[in-house]
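Report on the structure
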Amino acid sequence: MTKRPNPDEYNPSFSTYISLVPEGDIETILQEQIEETLHLLNSISEQQAHFKYAPEKWSIKEVLGHLADAERIMAYRLLTIARGDSVSLPGFEENEYVQSANFNRQSIKELLENLHSVRQSTIHLLKGLEEETWLQKGNANHSVVSVRALAYIITGHEIHHRRILKERYLEAEAFQTL
């Protein structure tokens, strides 16, 4: 099932991500978008991968690490709810995760491979779901969320960050001179 989730299936704070997802099969969209992201970034140098468009912002490497971490967390939430577990899942503080991970020590190649692996795992998880499972709801970060909404949040989150990478990082004059 790839119909867009209804507003009662997620916290309104995720509506921007969900609105970014184009119509179509969510598994296909996930596969195509990871290929676009890998293509966009696989030719940047190690020096370029450390670029920040402002001092307080994340480097490109940190954005990639954040994407993988956030997808892992959302996919775990999706798995937990899909399997019928009624536990209330915790939130996470993205800035603390990025700071603790020290993604800048990893190579850009390793970070891209990691993101690709996480995405393949997410796609395999989604392929195994029964149609009715997509509508199951649970609680994550003190909000109701459905399996379907989580798949859309994962998708829209990457679209959001890829746009930022293109517009604020790769097109920056300072990046071009590295």
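Refer to the structure printed above.
Below, the structure is looked at part by part. Everything numeric here is computed off the predicted structure, so don't read it as measured data. (Residues numbered from 1 in each chain as written. Predicted model: local features only at pLDDT ≥ 70, side-chain atom pairs only at ≥ 80, totals over all residues. Heavy atoms only, no water.)

Overview of helix 2 (residues 26-41)
For the record, the criterion: Secondary structure counts use DSSP, requiring at least four H or I residues in a row for a helix and at least two E residues in a row for a strand, with both numbered from the N terminus. In this scheme, a helix's expected span is set at 1.5 Å multiplied by one less than its residue total. Exposure categories follow from relative accessible area, calculated using a 1.4 Å probe and restricted to protein chains: below 20% of the type maximum is buried, above 50% is exposed, and the middle band is partly exposed. It is the directions from the helix axis to the C-beta atoms whose arc is reported. For this analysis, residues touch if any pair of their heavy atoms sits within 4.5 Å.
End to end, helix 2 covers 23 Å across 16 residues, agreeing with the expected 22 Å (1.5 Å per residue, within 8%). For helix 2, the set of buried residues is I26, E27, I29, L30, Q33, I34, T37, L38 and L41. With its buried residues spanning 165 degrees around the axis, helix 2 presents them on a single face. Buried residues belonging to helix 2 abut helix 4 (60-82), helix 6 (108-127) and helix 7 (147-170).

Quick word on the packing of helix 2 against helix 6
As a reminder of what qualifies: To get an axis, a line is fitted to the C-alpha atoms, and for a helix only the part in contact is used. The angle between two axes follows their N-to-C directions and goes from 0 to 180 degrees. Angles below 35 degrees are treated as roughly parallel, those above 145 as roughly antiparallel, those between 65 and 115 as roughly perpendicular, and all remaining angles as oblique. Each residue gets one of three labels, nonpolar for Ala, Val, Leu, Ile, Met, Phe, Trp, Tyr, Cys and Pro, charged for Asp, Glu, Lys and Arg, and polar for the others, Gly among them.
At their nearest, the axes of helix 2 and helix 6 sit 10 Å apart, and the two run at 175 degrees to each other. Of the possible angle classes, the one that applies to helix 2 and helix 6 is roughly antiparallel. Only L112, L115, H116, R119, Q120, I123, L126 and K127 of helix 6 make contact with helix 2, whose side of the interface consists of E27, L30, Q31, Q33, I34, E35, T37, L38 and L41. Considering only residue class, the contact of helix 2 with helix 6 consists of 8 nonpolar, 5 polar and 4 charged.

Overview of the nonpolar core
For clarity, the cut-off: In this text, buried Ala, Val, Leu, Ile, Met, Phe, Trp, Tyr and Cys residues form a nonpolar core when linked through side-chain atoms within 4.5 Å.
Judged by nonpolar contacts, the single largest core of 27 residues is most densely connected at I26, L78, L126, L129, V145, L150 and I153. Secondary-structure elements contributing two or more residues to this core are helix 1 (15-20), helix 2, helix 4, helix 6 and helix 7. In terms of residue count, the dominant contributor to this core is helix 7 (7 residues). Once residues within four sequence positions are removed from consideration, V145 is found in contact with E9, Y10, I81, Q136, K137, G138, A140, L150 and I153. By size, the runner-up hydrophobic cluster in this structure holds 25 residues, among which are I44, I60, I108 and A172.

Structural notes on the sheet that holds strand 1 (residues 88-89)
Definition in use: Paired strands are those between which DSSP finds at least two bridges.
With respect to topology, 3 strands assemble into an open sheet ordered 1-2-3, the strand pairing being mixed. Edge positions in the sheet fall to strand 1 and strand 3 (143-146), since each of these pairs with one other strand and no more. The sheet contact formed by strand 2 (residues 137-140) and strand 3 spans 4 bridges and is antiparallel. Within the sheet, the bridge partner assigned to K137 lies in strand 3 and is S146.

Points about the pattern of salt bridges
Heads up, the rule is: By definition, a salt bridge exists where a carboxyl oxygen of Asp or Glu is found within 4 Å of a side-chain nitrogen of Lys or Arg.
This structure, assessed with the given rule, holds 8 salt bridges. Close ionic contact of R4 with E23 constitutes a salt bridge, the shortest N to O distance being 3.1 Å. With R4 in the segment before helix 1 and E23 in the loop between helix 1 and helix 2, the pair connects residues that are 19 residues apart, well separated along the chain. Assessed through its relative accessible area of 63%, E23 is described here as exposed. The closest approach of N and O atoms between K61 and E46, which form a salt bridge, is 2.6 Å. Here E46 lies in helix 3 (residues 46-49) and K61 lies in helix 4, a separation of 15 residues in the sequence.

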